[in-house]
Amino acid sequence: MTQHPIDLSKPVSDEVRKTTCYMCACRCGIDVHLKDGKIRYIEGNRDHPVNKGVLCAKGSAGIMQHYAPARLSSPMLRTGPRGSGEFRNISWDEALAIATEWLGDVRARDPKKLAFFTGRDQSQSLTGFWAQQFGTPNYAAHGGFCSVNMAAAGIMTIGGAFWEFGSPDWERTKLFVMFGVAEDHDSNPIKIGISKLKQRGARFVSVNPVRTGYSAVADSWIGVRPGTDGLLILALVHELLKARKIDVEYLVRYSNAPWLVIDAPGTDQHGLFARGKDGKPLVWETLTERPVSAGSKGAQPALSGRYRLDDGTEVRPSFELLVEEYLDERHSAEAVADKIGISAATIRGLAAEIARVAFEEAIEIPQPWTDVYGNHHPSYIGRPVSFHAMRGISAHSNGFQTARALHLLQVLIGAVDCPGGFRYEPPYPKPVQAHPRPHGRAEHFGSNQPLAGPHLGFPLGPEDLLVDEAGQPSRIDKAFSWEAPFSAHGLMHMVIANAHAGDPYPVDVLFLYMANMAWNSSMNTAGTIRILEDKDEATGEYRIPKIIYSDAYSSEMVAYADLVLPDTTYLERFDCISLLDRPISEPEAASDAIRWPMVEPDRDVRPFQSVLIDLGARLKLPGFADSRGQPLYRDYADYLVRHERRPGIGPLAGFRGTDGTRAGRGAANPKQLDRYIENGSFFSAHIPLEAQFFKHANAAYQDFAVKMGFFDTPQPVTFQLWSEELQKFRLAAQGLRAPHAPEPYRGRILSAFTPLPLWYEPLEEQAVSGEEFPYHAITQRPMAMYHSWGSMNAWLRQIYTQNYLFVPGEICDAHGLKDGDWAWLTSNHGRIKVPVKRTDTANRDTMWTWNAIGKRGGAWALDPDAPESEKGFLLNHLINELLPPEQDGMRWSNSDPITGQAAWYDLRVRIEKADPPARSEPRFEPVRKATNTAAEIRYGQEWSE
């Protein structure tokens, strides 16, 4: 065979276009090389603020995502039974006419009968606005799967949270402590940051049941039992209080530690803050010995003591209640060490290291600044200890309180938005009061009418719940009900089961985008499949009558749709990474970005966002059609430029104004997208140095935020160590404050909604026998995959085509297991057969596997006997969306009772050796390949010609 040497003199590409990656939620900048009109190569954009040229395996493999055979290529209408994969190709005219008819009927009759939920898309400001204008209360995205505990706890405590809300000060931190962050989350910035720590000799401690990914390069790994992170954190708080290693001045200035809490048991005011006639919280001023408003200039508030107000009300500073709680010996290292699975010495050692670095290695930046109270400061003082956390602590039924505890720990040592600590990223911080209240009660919607406000928000008390007078939920997922009051991201994992049960009511149309609910995005996967296929015995019609699904690829969910609207790949459309939605800001700059078409689609597909805008116009939704019923926008690109959420505030913050010179606020600029493209597809507004730290109380930052349009008046944040919002629910559960909590919910509220963060045992752990199910089972997210997005990607499949159950050596020895064996893994809900590998880098009671590798045969245009289906598996089959029944038969959602966060990581199991054959179970009939995927196109054929 003749060898043809590569001619290095020829250019790789004719053109390089800069856009934004979509291979995970990191949203890095990429350079896309094109030759002969085809995409040839993808590399990192060195000028981009997120990744600075660094690109992971996922981002580099975006080319194979674009050319994947699993791409859908035209609209489809189901012709066979659900799950059969039998469709006929239809035109867009027919598809849009059908969708308009189905949706229009629902909107005219009863808009709540539409359930519109999206997966991990990055256009939620559009999809949420569309659902609001439609008038259904039933909208949310994927956050209830993985991160609502993190987001809600952070916003309610410090006005921001980890990941998209803030990041460690990688340049200055001297001790970095990471709790349970998946390898695919924010992976390039974290890799860059950890490399900086290593170069500077800063210490990195990882707290995670499994030592993989980031944990593998940590200086210290603390392998806790799943669901016990909160115990560890509160033990650290106990040690720091005992050693008096807290920043008292910081607490007085920036937290509600000195706010006076009413001590009146049995009344509707007990545990709430004492307030003056102006409604402001009171503190006890020690010099004048009288109550004054919090934040009064020159006041010296008390942090301890018992006081009596003029009306006889007894009050105590919240800090005294905090100290009283956490100095209790039940929080000591010795008391909790065995439960956590680590030694008491390890706990004390970590606490001592945090204290030493925070107070003996404090740093100072000589930059004058002024706080919102008018006090001038000559410099920034930094406590160089930073924390980061994500789904590892979030995806537990106690995760909200655990995340709150971690923020409390940060505040106690004065390490929030200071040099070397955790730093906010614009548009955060925002106090919880600056967020909207949720909308969706019966009075909020009606036929052909939009909702009065956004679906998602933060209740300030039981009066903001979306329930009727009888306490019944208004939403299909029961978000913002007594079952999950602070469910700021919704409960997507409950939608299909609730709709099938008609609890609280049935739906007529289920509209999903990028939400693979028939496989890895559902608990109880087999049960969900049965629900999607189930018919009413009397009528013979499906219990969920109509399902519209949009995706770019032939996921498992496609086979269960009645109408399929094929999306483009991310390299074929406009997208917006908006400050109204999920920002890409850095601590020193407010940033947003776009995607734009690198190439035109070669299939009969359309960008979902443009399709949604088209449907909005056809349905004559306010905001999408004018008074004459004519479309307001041509497509998504036109919407991005001309839509305004408030006067001068649009989806994109950069290059506003008719001349493109304004940032944040400004008139629409017809050439705005061109300016983004010229600038590398992103925009950044630098924060002045005097505004870069202490943003929660920095007058210059507050002015910057108002100028940018984050809010219309300054919104400083006072850290809420004691949560009045949670205490209001406890009073409602005690029958002391209206509206009263219904009887079935009172016990859950009283045990979980403590105003100070406390740990309680995960709910599944409480509900099942520890002897029968002695082990934990969790998933980890591999750096080279993002959920199931790489399932059809030829390059990424070379890294992961199957997953293993990694079993600690002690468990292997106890059950006679070795590498290559197969085992039955059993939970209270189900049983799966899995391949085993021994590990010595996991908590002794914890086995784990990679997330979302297992696939149903035939899906994603894979062969029915592909390794992903023959040897891959999901833990989802073992997890039910409901907890085991209680004595009275009641079954609660398998979720955090405060936020509704899906409790994926509470799973308890037992294991036993299995006999061959060596195939994973359960087995499902292969999905029939959709008739119009690009499966007939050989991988790489399009770009190798």
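Up top you'll find the structure we're talking about.
As the structure is a computational prediction, the values presented were derived from the model and not from experiment.

> Any chance you could explain the packing of aromatic side chains here in plain terms?
Between two aromatic rings, the relevant description is the distance of the centres plus the angle of the planes. If you walk through the whole model with that rule in mind, you get 43 aromatic pairs. Ring geometry for Phe511 against Phe608: centres 6.0 Å apart, planes inclined by 75 degrees, an arrangement best described as edge-to-face. Taken together, the residues Phe511 in strand 23 (residues 509-513) and Phe608 in helix 17 (residues 608-618) connect sequence positions 97 residues apart. Since its relative accessible area comes to 1%, Phe608 is described here as buried. Ring geometry for Trp848 and Trp850: centres 4.9 Å apart, planes at 90 degrees, overall edge-to-face. Each member of the pair Trp848 and Trp850 is classed as buried. Three or more aromatic residues joined by ring pairs form one cluster here, namely Phe116, Trp130, Phe134, Tyr139, Phe511, Tyr513 and Phe608. Over the ring of Trp892 we find Arg748; its NZ or CZ atom is 4.1 Å from the centre of that ring.

> Sorry if this is basic, but what is going on with the sheet that holds strand 26 (residues 575-577) here?
Sheets are built from strands paired through backbone hydrogen bonds, the pairs being either parallel or antiparallel. A sheet is described by the order of its strands in space; here 3 strands give the open sequence 26-27-28, paired in antiparallel fashion. Of all the strands in the sheet, just strand 26 and strand 28 (682-686) have a single pairing partner and so form its edges. With strand direction ignored, the average angle separating the axes of adjacent strands in the sheet is 10 degrees.

> Hey, could you run me through the environment of Pro459 in this one?
Its place among the elements puts Pro459 in the loop between strand 22 (422-424) and helix 15 (495-501). For the pair Pro459 and Arg437, spaced 22 residues apart in sequence, the C-alpha separation works out to 5.6 Å. When residues no more than four places from it in sequence are discounted, the contact partners of Pro459 are Pro438, Asp464, Phe480, Pro485, Phe486 and Glu725.

> Looking at this structure, I do not really get the side chain of Glu572. What am I missing?
Among the structural elements, Glu572 can be located in the loop between strand 25 (563-566) and strand 26. With relative accessibility at 5%, the residue Glu572 sits in the buried group. Within the local environment of Glu572, its side chain forms a polar contact with the backbone nitrogen of Thr569, the two atoms lying 3.0 Å apart. A polar contact is formed between the side chain of Glu572 and the side chain of Arg603, at a distance of 2.9 Å.

Scoring rules and cut-offs
Residue indices follow the written sequence of each chain, beginning from 1 at its first position. Restriction of local features to residues with pLDDT of at least 70 applies here, the model being predicted, together with a cutoff of 80 or more for giving and counting side-chain atom pairs; totals for whole chains, interfaces and linings are based on all residues. Calculated side-chain values reflect all of the structure's heavy atoms, with hydrogen atoms and water omitted. Put simply, two rings from Phe, Tyr or Trp (the six-membered ring, in Trp's case) pair if the centres are within 6.5 Å, and we call them stacked under 30 degrees between planes, edge-to-face over 60, tilted for the rest. Counting from the N terminus, the helices are DSSP H or I runs at least four residues long and the strands are E runs at least two residues long. Buried means the residue's accessible area, taken with a 1.4 Å probe over protein chains only, is under 20% of the maximum for its type, while exposed means over 50%, and partly exposed covers the values in between. In our convention, an over-ring charge means Lys NZ or Arg CZ found within 6 Å of a ring centre and within 35 degrees of that ring's normal. Paired strands, as defined in this entry, are two strands with at least two bridges between them according to DSSP. Axis lines are fitted through C-alpha atoms, for helices just across the contact stretch, and the angle between N-to-C directions can take any value from 0 to 180 degrees. Whether two residues touch is decided by their heavy atoms; if any such pair falls within 4.5 Å, the residues are in contact. Any pair of nitrogen or oxygen atoms within 3.5 Å is treated as a polar contact; in protein, a donor-acceptor pairing is required on top of that, and neighbouring residues in sequence qualify only through side-chain atoms on both sides.

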